[in-house]
Amino acid sequence: MRSDTLKVPGATLYYEVRGTGPVLLLLPGSGGDAAAFDPIADTLADHFTVVTLDPRGYSRSPLDSTEPVDQQVAVQRDDAHRLLETLTPAGEDAYVFGGSGGAVVALDLLTHHPERLRLVIAHEPPCFAVLPDAAEQKAFIDEVYTLFRTEGIAAAGARFLEGIGGTMKPMPDPAELPPRTAEMIHRLHANAALMMAHELRPITSYLPNEPTLASSTDRLILAAGRETRGHLPHRPAATLATHLNIPLTEFPGGHSGFTEAPTEFAHQLLDLLLAAKVG
């Protein structure tokens, strides 16, 4: 594995690369970073050049500004596109997998740059605005944000986990983990407040451009975890799949299936990617 940085407007992106083959960009959830995909990256790297990154403002990707700014989907999409253009050889297509907030960025990337992408897999994008009860979910997110501002990250996090049906497992104790994983957990704890303050509302209010996505459904897989079925994290992907008249693909585990059931998750993901590669 090698690491490098890419200067983009307003920030410097840290990214990691491993493996050989077509470029596969893995986009982490809100507040996550490149190491979140460690449990599955090596399996994928047997067939792909796997690229992971710390999104701008998080972990090792500092902003040019000394003050944090709201994380806009369009800006994160532009960052991902610049990274793909830097690493993908001319004339070749890239592959993208996004989890949670990264899935929202992946959808926006497919909307604006379909010609550069062979396949996008969006796993549980939290675009609550597509739901029939979108107003209720916006009120829930506003409540979480208000709790964050008035009572702090612990109260807000607890309310958020309750509201999504308890479908996300708490982060492990860094003292019980290997050094690289422990370092990541410390970074994610540091990212949590930034995510609550500057990304939670923009990412959950994102409304996909369904007519444009409808013209690229041959390059799109909408996915969700089996264990979140019936809960809020599962619903936007299922709703969007219905709107676009494509199947919903279920993966092992829940919202973070690639860390909860990494072996099974990686092999199912690899099967889908290789099928698209052959096709």
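All of these numbers come straight from a predicted model, not from anything done at the bench.

J.: An account of the overall build of the protein chain is needed here, citing residue identities and associated values.
T.: A tally of helices and strands in the protein chain yields 11 helices and 8 strands. Radius of gyration (C-alpha) of the protein chain: 17 Å, near the 19 Å computed for a compact globule of 279 residues. Overall, the C-alpha framework of the protein chain stretches about 50 × 40 × 35 Å when taken along its three principal axes. Relative to its full complement of 279 residues, the protein chain shows a buried share of 53%. Partitioning the intrachain contacts of the protein chain with sequence separation of at least 6 by distance along the chain shows that 75% fall at a separation of at least 24. When the accessible area of the protein chain is evaluated, it comes to approximately 11700 Å², of which 55% is carbon and sulfur surface. Here the protein chain contributes 21 positively and 35 negatively charged side chains, and the mean placements of these two sets differ by 3 Å.

J.: So what about helix H3 (residues 101-112)? Which residues, and what values?
T.: Spanning 12 residues, H3 covers 17 Å between terminal C-alpha atoms, matching the ideal 16 Å at 1.5 Å per step. Most of H3 sits inside the fold, with 11 of its 12 residues counted as buried. Those residues of H3 lying buried are Gly101, Gly102, Ala103, Val104, Val105, Ala106, Leu107, Asp108, Leu109, Leu110 and Thr111.

J.: Can you tell me about the pairing of strand S5 (residues 94-99), naming the residues and giving the values?
T.: Among the 6 residues that make up S5, 6 are buried, leaving the element largely enclosed by the rest of the structure. What you see with S5 is no split at all: Ala94, Val96 and Gly98 on one side and Tyr95, Phe97 and Gly99 on the other are buried throughout. Here 4 bridges tie strand S3 (residues 23-27) to S5, and the two strands are oriented parallel to one another. From the neighbouring strand, leucine 26 faces S5, where its bridge partner is phenylalanine 97.

About the thresholds
Residues numbered from 1 in each chain as written. Predicted model: local features only at pLDDT ≥ 70, side-chain atom pairs only at ≥ 80, totals over all residues. Heavy atoms only, no water. Helix = DSSP H or I, 4+ residues; strand = E, 2+ residues; numbered from the N terminus. Rg over C-alpha atoms; globule rule 2.2 N^0.38 Å. Buried < 20%, exposed > 50% of the residue type's maximum accessible area, 1.4 Å probe, protein only. Contact = heavy atoms within 4.5 Å. Areas by Shrake-Rupley, 256 points an atom, 1.4 Å probe, with all protein chains shown as cover. Lys, Arg positive; Asp, Glu negative; His and termini not counted. Charge placed at Lys NZ, Arg CZ, Asp CG, Glu CD. Expected span 1.5 Å × (residues − 1). Pairing = 2+ DSSP bridges.

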